[in-house]
Amino acid sequence: MLPHELQNIVPQPTPAAEIFQRHQIVREFYDEIKYRQELELHCQWYYATAKQHQQELQKMQGDWNILGWFSRRRSKI
């Protein structure tokens, strides 16, 4: 079959269908951009929070264990 013969079998898309298809593509593109930006913000928050928790843990490990001091004292009494 020649290309001009296919026109009779497969109708040409209407201008409205082409506009709708382009609109869908653009919308999907912007949805993907929004998703990636939100993911990037979440990852930044996650890494900042994890770093803060690591710093707090190091600080707590350097503190005196007052509760453990009291519990050892009770077991000796």
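Preceding this section is the structure that the text describes.
Caption draft 1: How the structure looks around the pattern of salt bridges. In this structure the tally under the stated criterion is 1 salt bridge. For arginine 36, the salt bridge identified is with glutamate 32, shortest N-O distance 2.8 Å. Here arginine 36 and its partner glutamate 32 are both found in helix H2 (residues 15-62), 4 residues apart, which amounts to about one turn of the helix. For arginine 36, a relative accessible area of 56% corresponds to the exposed category. With a relative accessible area of 35%, glutamate 32 lands in the partly exposed category.

Caption draft 2: Highlighting the packing of aromatic side chains. Within this structure, the stated rule accounts for 2 aromatic pairs. Both rings, one in phenylalanine 29 and one in tyrosine 30, keep their centres 5.5 Å apart while their planes meet at 75°; by these two values the pair is edge-to-face. Since its relative accessible area comes to 53%, tyrosine 30 is described here as exposed. Seen in terms of ring centroids, tyrosine 46 and tyrosine 47 are 6.0 Å apart; in terms of plane orientation they differ by 75°. Their pairing is edge-to-face. Its relative accessible area of 49% is what places tyrosine 46 among the partly exposed residues. Taking relative accessible area as the criterion, tyrosine 47 reaches 57% and is therefore assigned exposed.

Cut-offs applied
Residues numbered from 1 in each chain as written. Predicted model: local features only at pLDDT ≥ 70, side-chain atom pairs only at ≥ 80, totals over all residues. Heavy atoms only, no water. Salt bridge = Lys/Arg side-chain N within 4 Å of Asp/Glu carboxyl O. Helix = DSSP H or I, 4+ residues; strand = E, 2+ residues; numbered from the N terminus. Buried < 20%, exposed > 50% of the residue type's maximum accessible area, 1.4 Å probe, protein only. Phe/Tyr/Trp six-rings, centres within 6.5 Å; stacked < 30°, edge-to-face > 60°.

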